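The chain contents come next:
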Amino acid sequence: MLADIVLATKRLDLRKIGEDQVDLHWKYLNSEAVMERLGGPRTREELAKKHAKARASFASDGFGFMFGYERSTGEMVTHCGMKRVDNPLAANQGDHEIGWLVREDRWRMGYAEESMRAVIDWAFEEHGAPHLVALTSPHNIGSWKLMEKLGMERRPDLDFEDPGFPAQDRQTIQYSITRDQWENSQCNAPA
Ligand SMILES: CC(C)(COP(=O)(O)OP(=O)(O)OC[C@H]1O[C@@H](n2cnc3c(N)ncnc32)[C@H](O)[C@@H]1OP(=O)(O)O)[C@@H](O)C(=O)NCCC(=O)NCCS
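Residues numbered from 1 in each chain as written. Predicted model: local features only at pLDDT ≥ 70, side-chain atom pairs only at ≥ 80, totals over all residues.

Colleague: Describe in detail the overall build of the chain, supporting the description with residues and values.
Modeller: Helix and strand content of the chain: six helices and nine strands. Taken against the 2.2 N^0.38 rule, which gives 16 Å for 191 residues, the C-alpha radius of gyration of the chain at 16 Å falls within 12% of a compact globule. Considered along the principal axes of its C-alpha atoms, the chain spans approximately 45 × 40 × 35 Å. Relative to its 191 residues, the chain shows a buried fraction of 30%. Of all intrachain contacts in the chain linking residues separated by at least 6 positions in sequence, the fraction that spans at least 24 positions is 58%. (Helix = DSSP H or I, 4+ residues; strand = E, 2+ residues; numbered from the N terminus. Rg over C-alpha atoms; globule rule 2.2 N^0.38 Å. Buried ≥ 20, exposed ≤ 12 C-beta atoms within 10 Å, placed from the backbone. Contact = placed C-beta atoms within 7 Å.)

Colleague: Go over the environment of Q174, please, and point to the residues and values.
Modeller: Mapped onto the elements of the fold, Q174 is located in strand β9 (residues 171-178). Between the C-alpha atom of Q174 and that of L135, which follows or precedes it by 39 residues, the distance is 4.6 Å. Among all residues touching Q174, those that are not within four sequence positions of it are V133, A134, L135, R155, L158 and D159.

Colleague: Run through helix α1 (residues 22-29), naming residues and quoting values.
Modeller: Residues that lie three or four places apart on an α-helix share one face, since the helix turns once every 3.6 residues. Taken residue by residue, α1 has V22, H25, Y28 and L29 as its buried positions. The buried residues of α1 occupy one face: seen down the axis, they fall within an arc of 150 degrees. The exposed set on the far side of α1, more than 90 degrees from its buried face, consists of D23 and K27. Contacts from the buried residues of α1 go to α2 (32-35), α3 (44-61), β4 (76-84) and β5 (96-102). (Arc of directions from axis to C-beta.)

Next comes the structure, spelled out in structure tokens:
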């Protein structure tokens, strides 16, 4: 059964992750291509743990990671949302962290940008976030280009090495956007 809709965009419904959606995640998002720069595909147990963490985050903070469903087909196409920075190696524990994955047969259709603009508005309008961060690696070019397109700026002061990733993706880089930067981007948006 589909869980509650949290956010709706032009083409997507972002919903909480239900108890029984590990198979869905496995089928559409746990591929070599999607997980290439993220340490490779996960086990079912790891996915179940991630989902439980997302539900716990909604229960404690009112936000978390979700699945995005393409309204025209009903298919799940993205996994995205917001959580607290909890990597023990990061200096900015507890910051609001946004993140995203898109199923590879839907890349370059604007789904990551569309869902993340809705998540960013939600973070500032409804969750009182003072600023948001996003984490990636220098080799994950699509990801940091998206951060730049979303108006985020590079934060070398927050970089760290994460030995939990393969050598080429150990360097973790961060981007951020402040409430002021977001508000200014709203004023300058085309009517
Ligand atoms: C990164 C990712 C989420 C982008 O999703 P997407 O839906 O294809 O992205 P969009 O179509 O919304 O693209 C928005 C912008 O992101 C950037 N971008 C996305 N993919 C890119 C790529 N392969 N190369 C360069 N820039 C890219 C571009 O700036 C693009 O704007 P443009 O189309 O006007 O050039 C997707 O490639 C993905 O899931 N990758 C694997 C998972 C992952 O690494 N997630 C990030 C974790 S930090």
